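Fold and geometry: a report
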Amino acid sequence: MHTKKSSLFITLLAICALCSTSAPAQEHSINKKMQQAANSLTELMPYIYNDEAFRSLTNKGKIEQNTASLIEVIRTTPHLFTEHAVTMQISQQSLLNTLEQANSLYQSGSYATAQYLLSGVPMVCSSCHIQDGKQSSLNLHLDRDAFANEFSYAEFNYYMRNYQQAEAAYKTHLSKESTQESRIQSRKTLERLLDISLLTSANADPARTQLKEVSSLPKLNNEAKQVIHEWLTGLASLKFNVMPLDELQQSIYATFDEQFTLEHEFIFQEENRPKALLWRKHLHHNLRDPHNSLNTARALYLLSILERALGDQTDVSLANLYLKECVYLKVEVYSAKCVNEYENHLLFYYGGSSGSQLPAEVYQQLQQLKKIVNDGQE
């Protein structure tokens, strides 16, 4: 199994990093449930990384027990999420569906697919609570030896909100000449370091200092150096003050154009990455506040655009989940915008030299979303 995909399974632990509420009893209940999930996942992790161990009948009991424990936690905690943002509720439901499907497949003997689902749990579950910039208060740990390299170990800590540990591991990975010479590895590592700096800081100074330091690495490829130059340019125009939804929308439209095209997804100006990262953070904060349906849909639409721009190309797309929720809200203007964005992405994603060929299930779901919008406009 691909190591990078395996490491994504740990993202479900980001559900542990819930934002604090005003009720201590509720916070204690959340932490207790999430500690249970953490313990189950810690026991399950070694099997997810090992194909032979995952298929061994000797380990069947432990795998089923710990998977069931995770499902139980996610099933029994919806009432604990009611005061949190809609993005968190989306994450919770997506995670539950994936775990239940993987568990069913595992019990039926479809080990490869079950392992793929478990290892491929996307960033969905961490999307709404990695954005507050706060170091995790839970004492969760996996040994470095459980990971293939420093990058996968850094990813674990990133999703766990162990930002200090993640930053250190990313820097260790970037210190290797092979990483510096690789356009893909260096870029992804640099993107994570930039994200952490912007998440955890009240201004652009830490990000600026860090980028200048890494730009002098001896073997860093020229493309990465050029990207750093563009990010430094983008940092100069950042505003870290809390932005209301109207101001966020105006800023996003001014950068990406109100009439979004697929350019925001596939032709991205790197100078805009610092802005997009910060605006995503602001939108997640904004969604924690009470909104009417229209403003919730508006925020989800804008968030989906930023997720696309920042590279959300996973099979279970965060952007698509946000767009669907926006449609289900049945509000004027934005539900229609969301279904149009959803359709445009599908047509491109499934496009080819012979045109777009949507799978039957995908086509049917698209028609259902269109019907919701059309019915709401009648």
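Residues numbered from 1 in each chain as written. Predicted model: local features only at pLDDT ≥ 70, side-chain atom pairs only at ≥ 80, totals over all residues. Heavy atoms only, no water.

**Looking at the nonpolar core**
Within the largest apolar cluster, 72 residues are counted, with the highest numbers of intra-cluster contacts made by Tyr-170, Leu-194, Leu-198, Leu-235, Leu-283 and Tyr-301. Here the element with the most residues in this core is helix H16 (residues 293-309); it accounts for nine residues. Apart from the residues lying within four places of it in its own chain, the contact partners of Leu-235 are Leu-194, Leu-198, Ala-204, Ala-207, Arg-208, Leu-211 and Pro-274. (Core = buried A, V, L, I, M, F, W, Y, C linked by side-chain atoms within 4.5 Å. Buried < 20%, exposed > 50% of the residue type's maximum accessible area, 1.4 Å probe, protein only. Helix = DSSP H or I, 4+ residues; strand = E, 2+ residues; numbered from the N terminus. Contact = heavy atoms within 4.5 Å.)

**Focus on the environment of Phe-268**
Topologically, Phe-268 is positioned in the loop between helix H14 (263-266) and helix H15 (273-286). Sequence-wise, Phe-268 and Arg-308 are 40 residues apart; in three dimensions their C-alpha atoms are separated by 9.7 Å.

**Considerations on the environment of Ala-168**
Position of Ala-168 relative to the elements: it lies in helix H8 (residues 163-174). Here the alpha-carbon distance between Ala-168 and Ala-154, two residues 14 residues apart in the chain, equals 7.8 Å.

**Structural notes on the state of the cysteines**
As used here, a disulfide is simply a covalent bond connecting the sulfur atoms of two cysteines. Under the criterion given, the structure shown has one disulfide. Across the disulfide from Cys-326 sits Cys-338; the S-S distance is 2.2 Å. What sets the handedness of the Cys-326 and Cys-338 disulfide is the S-S torsion sign, and at about 85° it is right-handed. Of the two residues, Cys-326 sits in helix H17 (residues 318-328) while Cys-338 sits in helix H18 (residues 334-349), which places them 12 residues apart along the sequence. (Disulfide = S-S within 2.5 Å.)

**Structural notes on the packing of helix H13 (residues 245-256) against H16**
Where H13 contacts H16, the two axes come as close as 11 Å, and the packing angle between them is 35°. As for the relative orientation of H13 and H16, their crossing is left-handed in sense. In this structure, H13 uses Leu-245, Asp-246, Gln-249, Ile-252, Tyr-253 and Phe-256 to contact H16, whose residues at the interface are Asn-295, Arg-298, Ala-299, Tyr-301, Leu-302, Leu-306 and Ala-309. Per-class residue counts for the contact of H13 with H16 are nine nonpolar, two polar and two charged. (Axes fitted to C-alpha atoms, helices over the stretch in contact; angles between N-to-C directions. Left-handed = near helix turned anticlockwise from the far one by under 90°. Nonpolar A, V, L, I, M, F, W, Y, C, P; charged D, E, K, R; others polar.)

**A closer look at the pattern of salt bridges**
This model, assessed by the stated rule, comprises 15 salt bridges. Linking Asp-195 and Arg-280 is a salt bridge whose minimum nitrogen-to-oxygen distance equals 3.5 Å. Pair noted here: Asp-195 is in helix H10 (residues 183-200) and Arg-280 is in helix H15, with a separation of 85 residues, a long-range link. For the salt bridge of Arg-298 with Asp-246, the shortest nitrogen-to-oxygen distance reads 2.9 Å. (Salt bridge = Lys/Arg side-chain N within 4 Å of Asp/Glu carboxyl O.)

**With respect to the packing of aromatic side chains**
Following the criterion strictly, the structure yields five aromatic pairs and no others. Relative to Tyr-334, the ring of Tyr-301 lies with its centre 6.2 Å away and its plane at 55°, an arrangement referred to as tilted. Pair noted here: Tyr-301 is in helix H16 and Tyr-334 is in helix H18, with a separation of 33 residues, a long-range link. Grouping residues by exposure puts Tyr-301 and Tyr-334 together as buried. (Phe/Tyr/Trp six-rings, centres within 6.5 Å; stacked < 30°, edge-to-face > 60°.)

**Concerning unusual backbone geometry**
Of note, the phi angle at Lys-330 is positive, near 55°, even though the residue is not glycine. Looking at where Lys-330 falls in the secondary structure, it is placed in the loop between H17 and H18. Here Lys-330 falls in the exposed class, since its relative accessible area comes to 57%. The phi dihedral of Val-333 falls on the positive side, at around 70°, and the residue is not glycine. Judged by relative accessible area, which is 48%, Val-333 ranks as partly exposed.

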